[in-house]
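# Summary of structural features
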Amino acid sequence: MNVRQILPFLLLAVAPALAQTSDPAVLAGACQGCHGVAGQGSHGIPLIKDAHSRAEFVALLQAFRANQREATVMGRIARGYTDEQIALLAAHYARAQ
Amino acid sequence: MTISRRALLAAVPVALATPRLAFAQAGAGRVVIIGGGFGGASAARFARDRFPALDITLIERSQTFTTCPYGNLVLAGRRTVESITFGYDRLAARGVRVVHQSVTAVDPAGRRVRLADGTDVPYDRLVMSPGIDLRWGAIEGYDEAASARMPHGWIPSLQPITLLARQLQEMPDGGTFVMAIPDNPFRCPPGPYERISMVAEYLKQAKPRSKLIALDAKNGFSKQPLFQDAWEELYPGIVEWRGASSDGRVMRVHPATMEVETEFGEKVKGAVVNVIPPQMAARIARDAGLANQSGWCPVKPATFESAQVEGIWVLGDATIAAPMPKSGFAASSHAKHAIACIAASLAGRAPPAATFFNTCYSHVGPDYGISIVGVYRPGPTSLVEVEGSGGISPRNATMSPQRRREHRHLEALYADGWYESITNEMFG
Ligand SMILES: Cc1cc2nc3c(=O)[nH]c(=O)nc-3n(C[C@H](O)[C@H](O)[C@H](O)COP(=O)(O)OP(=O)(O)OC[C@H]3O[C@@H](n4cnc5c(N)ncnc54)[C@H](O)[C@@H]3O)c2cc1C
């Protein structure tokens, strides 16, 4: 995905449902608690920084959300985030292309 | 309060002072953080990484921080207390002005805090994450002196957990380990049950004739089915847990005879007695007028600014954040959002939308970990858990034996990953 493709997702993030936008760094702050400050992973928790394209990253979180990918914890986590927030997280963590 | 400029400058190491120029930038300002624990250290690190224009002073009375998380693994003999103790050098090297002093007073109108040595530190925005105080005397006879014989191991300092670990090691085989567990709300809802598990793991291999009796002021607890499945499987005949309706509430302690006394007057004697007493927000938060009659601090759920005093953001265990538990991960989640709100308010922008996050892993045996997850958004008066998200690890019965072993093993491994990541974020 390029920036123009991600733009609609980013704009959705300011849609009326969430009166204001999430701060991507604060959102990613939750992920850091396990995946590490730089998304590097440790003790078997996978690397997530620059490890996927944006589309792959979004697809992974959607698969976790739908219980379509084996997980100990990510299903329970991913179901707490909206599509818009997942797009912001993808923009934060996925490879820039 | 009067500010002595010279005294203040003397109190603050100048090497790391942010250039004056920075204050002219939009969104710059002096942020003072009280407490260098899970909330405060996370806030300081996040502020340096994300909002470098902010001038950050972290005031923490202790030179080192011994995490409560993984303290239970010290009891199991898996960890040393040194391996869960951290210093503030790295935070200082990242540009945080670290001041090792006790804050004795807060002056919200004058926007400054007073330190034990009498100096005043001015702020534009104040963050408080001072944690908890134990309610001495709430259990009759359980005061600070009693805790030297009956340790709690419930605050982030080296001595209490070291003492408890030593008592456990010195306990004769066949002795009873007695625990008193408080009613809600208290620090780390799954913590007492992880402790039961880790002490039982140790007893099973080192003192197989010993028993653990846990007396609980509640009838239910966090991750209960998962803990109870594991105790039955791993520690049959070792762990006995008694809830409030089975006379589990401890009302009184007798340190001289190492006995605790329940509501209906039964006396239970232990070779080691671990009392986790009722708690409240730490004193500095109560003195600053942040707490209500419950002893805890109400906050605005969208920002974590105090609901009682303007210009002060309260984080972590001191707050009323239910249904979010009082956990280190939760405190670090409050911290990041509060810092973003503070940066926005200094820049004259609206605060960002809030989503709060928590996961608590618990170790229950060798290669056996479980977890609880929660994602929260602000509601009108309190936080609300996002529907369909979060929850506890699956129970044994829902998985094949092989998947079960794998799941418990992976969560024990990932728990170590969590501990490394979060402490590295705070102190690395
Ligand atoms: C046995 C046990 C196991 C736990 N396990 C987990 C776990 O696995 N995962 C998890 O997420 N959480 C866990 N917790 C909970 C976690 O420890 C707390 O939720 C967390 O410490 C709260 O952070 P805080 O910033 O509110 O307070 P703290 O971390 O307690 O920090 C408060 C700091 O403020 C300082 N302070 C207080 N008053 C002043 C003052 N006047 N002046 C200067 N400094 C001051 C204190 O010295 C302290 O360093 C556990 C707790 C226990 C007891």
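Please read these numbers as outputs of a predicted model, since none were measured by experiment.

Before going further, it helps to spend a moment on the overall build of chain B. The helix and strand inventory of chain B stands at 10 helices and 25 strands. At 22 Å, chain B has a C-alpha radius of gyration in line with the 22 Å of a compact globule built from 428 residues. Overall size of chain B, expressed as C-alpha extent along the three principal axes, is 65 × 50 × 40 Å. Residue burial in chain B is summarised as follows: out of 428 residues, 60% are buried. Intrachain contacts of chain B at a sequence separation of at least 6 include 66% that bridge at least 24 residues. Summed over its atoms, the accessible surface of chain B is roughly 16300 Å², and 52% of this surface lies on carbon and sulfur atoms. Counting 45 positive and 40 negative side-chain charges, chain B places the centres of these two groups 5 Å from one another.

All names here are of chain B. Core analysis: the largest hydrophobic core is formed by 143 residues, its most contacted members being V106, V113 and I196. Looking at this core, the element that brings in the most residues is helix α9 (residues 328-347), giving 10 residues. Inspection of this core shows a minimum of three residues originating in each of domain 1 (5-131 + 282-427) and domain 2 (135-279). Residues contacting V106, with those up to four places away along its chain left out, are I34, R112, V113, Y123, L126, M128, I284, A288 and I312. One finds M150, L215, V250 and V253 within the second-largest nonpolar core, a separate group that totals 15 residues.

Before going further, it helps to spend a moment on the UniProt feature "domain: Flavocytochrome c sulphide dehydrogenase flavin-binding" (unreviewed entry) in chain B. UniProt marks residues 352-427 of chain B with the feature "domain: Flavocytochrome c sulphide dehydrogenase flavin-binding" (unreviewed entry), using the numbering shown here. Secondary structure within residues 352-427 of chain B divides into 36% helix and 34% strand; the distance between the first and last C-alpha atoms comes to 26 Å.

Our next topic: the interface of chain B and chain A. Each side of the interface is counted separately: chain B has 43 residues, and chain A has 31 residues. For the chain B and chain A pair, buried surface summed over both sides reaches about 2900 Å², with 57% attributable to carbon and sulfur atoms. Between chain B and chain A we count 3 salt bridges in total. We note a salt bridge from B:E411 to A:R76, for which the minimum N-O separation is 3.4 Å. At the surface where chain B touches chain A, the tally comes to 15 residue pairs in polar contact (both at pLDDT 80 or more). With 15 residues, the top contributor of residues to the side of chain B that touches chain A is helix α10 (residues 401-427) of chain B.

Here the focus is empty space enclosed by the protein. Counted by the stated rule, this structure contains 1 cavity of 30 Å³ or more. Put simply, the largest cavity is a space of about 60 Å³. Taken together, A:V26, A:L27, A:G29, A:A30, A:Y81, B:S333, B:K336, B:T355 and B:F357 make up the full set of residues lining the largest cavity. When contributions to the lining of the largest cavity are tallied by element, the ones reaching two or more residues are α2 (24-35) of chain A together with α9 of chain B. Per-class residue counts for the lining of the largest cavity are 5 nonpolar, 3 polar and 1 charged.

Residue and element names in this part refer to chain B. Here the domain parsing of chain B yields domain 1 (5-131 + 282-427) and domain 2 (135-279). Taking the mean C-alpha position of each, domain 1 and domain 2 sit 27 Å from one another. Taken together, the 37 residues of domain 1 in the interface contact 37 residues of domain 2. Each partner contributes to the roughly 3000 Å² buried at the junction of domain 1 and domain 2, and carbon and sulfur atoms together form 62% of this total. When residues of domain 1 are sorted by the area they lose upon contact with domain 2, N72, L75 and V364 head the list and together hold 22% of the total.

Residue and element names in this part refer to chain B. Taken as a whole, this structure holds 19 aromatic pairs over all chains when the rule is applied. On the numbers, 6.1 Å between centres and 55 degrees between planes, the contact of Y193 with F227 is tilted. With Y193 in helix α6 (residues 191-206) and F227 in helix α7 (residues 224-234), this residue pair connects regions lying 34 residues apart in the sequence. Consider the rings of F329 and W418, whose centres lie 6.5 Å apart with planes at 25 degrees: the pair is stacked. Of the two residues, F329 sits in helix α9 while W418 sits in helix α10, which places them 89 residues apart along the sequence. Judged by its relative accessible area of 1%, F329 falls in the buried class. Ring-pair connections join several aromatic residues into one group, and the members of that group are F38, F65, Y70, F86, Y88, F329, F357, W418, Y419 and F427. Between K326 and the ring centre of W296, over which it is positioned, the NZ or CZ distance is 3.9 Å.

Next up on the list: the site of the ligand. All names here are of chain B. Lining the immediate surroundings of the ligand are 33 residues, of which G39, E60, S129, R187 and D317 lie closest. Between the ligand and the protein, one listed contact pairs an oxygen atom with a side-chain N or O atom of E60 at 2.6 Å. Here D317 contributes a side-chain N or O atom positioned 2.8 Å from an oxygen atom of the ligand. Protein chains bury 97% of the 1000 Å² of accessible surface belonging to the ligand in isolation. Elements with a contribution of two residues or more to the shell around the ligand: α2 (38-50) and α9.

Let us now look at unusual backbone geometry. With an omega of -5 degrees, the peptide bond between B:N184 and B:P185 qualifies as cis. With respect to the element layout, B:P185 can be found in the loop between β11 (176-181) and α6. A cis amide bond links B:A322 to the next residue, B:P323, at an omega of 10 degrees. Residue placement: B:P323 occurs in the loop between β21 (319-320) and α9. Non-glycine residue A:D50 carries a positive phi angle of around 55 degrees. Inspection of the secondary structure puts A:D50 in the loop between α2 and α3 (54-65).

As a further point, take the sheet that holds strand β13 (residues 239-242) of chain B. Residue and element names in this part refer to chain B. Ordered by their spatial adjacency, 4 strands build an open sheet running β13-β12-β11-β17, and the pairing between neighbours is parallel. Looking at strand neighbours, the two that pair on one side only are β13 and β17 (272-275), the edges of this open sheet. If you compare each strand with its neighbour and ignore which way they point, the axes differ by 15 degrees on average. Bridge count between strand β12 (residues 211-216) and β13: 4 bridges; the pairing is parallel. Paired with L215 across the two strands is R242, which belongs to β13. Helix α5 (residues 158-170) rests against β11 and β17 of the sheet, and its axis sits at about 155 degrees to β17.

Thresholds, definitions, all that
Residues numbered from 1 in each chain as written. Chains lettered and ligands numbered in written order. Predicted model: local features only at pLDDT ≥ 70, side-chain atom pairs only at ≥ 80, totals over all residues. Heavy atoms only, no water. Helix = DSSP H or I, 4+ residues; strand = E, 2+ residues; numbered from the N terminus. Rg over C-alpha atoms; globule rule 2.2 N^0.38 Å. Buried < 20%, exposed > 50% of the residue type's maximum accessible area, 1.4 Å probe, protein only. Contact = heavy atoms within 4.5 Å. Areas by Shrake-Rupley, 256 points an atom, 1.4 Å probe, with all protein chains shown as cover. Lys, Arg positive; Asp, Glu negative; His and termini not counted. Charge placed at Lys NZ, Arg CZ, Asp CG, Glu CD. Core = buried A, V, L, I, M, F, W, Y, C linked by side-chain atoms within 4.5 Å. Domains from an automatic or database assignment. UniProt positions renumbered as here; feature names shortened; annotations may be inferred. Buried area = accessible area lost by both parts, 1.4 Å probe. Salt bridge = Lys/Arg side-chain N within 4 Å of Asp/Glu carboxyl O. Polar contact = N/O pair within 3.5 Å; in protein donor to acceptor, adjacent residues only side chain to side chain. 1 Å grid on protein atoms, 1.4 Å probe; cavity = no way out; pocket = protein on both sides within 12 Å on 5 of 7 lines; lining within 4 Å. Points joined across faces, edges and corners; volume = space filled by probe spheres on them. Nonpolar A, V, L, I, M, F, W, Y, C, P; charged D, E, K, R; others polar. Phe/Tyr/Trp six-rings, centres within 6.5 Å; stacked < 30°, edge-to-face > 60°. Lys NZ or Arg CZ within 6 Å of the ring centre and 35° of its normal. Near = heavy atom within 4 Å. Pairing = 2+ DSSP bridges. Axes fitted to C-alpha atoms, helices over the stretch in contact; angles between N-to-C directions.

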